[in-house]
Amino acid sequence: MMRSRFSAFALGDTGYLLRSWHSSTRPASLELDPGQRWIRLEIVETERGGLLDAAGTVTFRAHYRDAGRTGTITETSRFVREDGRWVYLDGDQL
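Let me begin by describing the structure that accompanies this report. Everything numeric in this text was worked out from a predicted model, so none of it was measured.

Reading the values: the criteria
Residues numbered from 1 in each chain as written. Predicted model: local features only at pLDDT ≥ 70, side-chain atom pairs only at ≥ 80, totals over all residues. Heavy atoms only, no water. Pairing = 2+ DSSP bridges. Helix = DSSP H or I, 4+ residues; strand = E, 2+ residues; numbered from the N terminus. Phe/Tyr/Trp six-rings, centres within 6.5 Å; stacked < 30°, edge-to-face > 60°. Axes fitted to C-alpha atoms, helices over the stretch in contact; angles between N-to-C directions. Contact = heavy atoms within 4.5 Å.

As judged from the 11 bridges shared by strand 1 (residues 36-48) and strand 2 (residues 55-66), these two strands associate in the antiparallel manner. Across the sheet, the residue bridging to T46 is V58, located in strand 2. Here strand 1 folds back onto strand 2 in antiparallel fashion, the turn holding 6 residues, of which G49 has a positive phi close to 85 degrees.

Given below as structure tokens:
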């Protein structure tokens, strides 16, 4: 789920991002910065999130380029199952 959401950010696929967001925390709309280019994802740690789990977390670093400068966002994201499928609940930037 984390990798597919990163790919959606990289491709600007707001529809997928919204569909893969938990209904209780999903924004009404999402506007991405067209100048920001997501270039690499590093998974730092995962907890739970297996076949028999109902929740899990992923700590990651997402690398981007914006106006010729590079940057990194580090976050621990929480995912849960909603209607049998994994969705993004929320996250804390580190």
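Here the focus is the packing of aromatic side chains. Each aromatic ring pair is summarised here by two numbers: the centre-to-centre distance and the angle between the ring planes. For the coordinates displayed, the defined rule picks out 5 aromatic pairs. Ring plane angle 85 degrees and centroid distance 5.3 Å describe the contact between W21 and Y88, whose orientation is recorded as edge-to-face. Taken together, the positions of W21 in the loop between helix 2 (14-19) and strand 1 and Y88 in strand 4 (residues 85-93) put the pair 67 residues apart, joining distant regions of the chain. Three or more aromatic residues joined by ring pairs form one cluster here, namely F6, F9, W38 and Y64.

What follows deals with the sheet that holds strand 1. Taken in spatial order, the 4 strands line up as 1-2-3-4 in an open sheet, and their pairing is antiparallel. The open sheet has two free edges, formed respectively by strand 1 and strand 4, since each of these has just one partner strand. Strand-to-strand twist in this sheet, taken as the mean axis angle between neighbours without regard to direction, amounts to 30 degrees. Along the sheet, helix 1 (residues 2-11) makes contact with strand 1, strand 2, strand 3 (69-82) and strand 4, crossing strand 1 at roughly 165 degrees.

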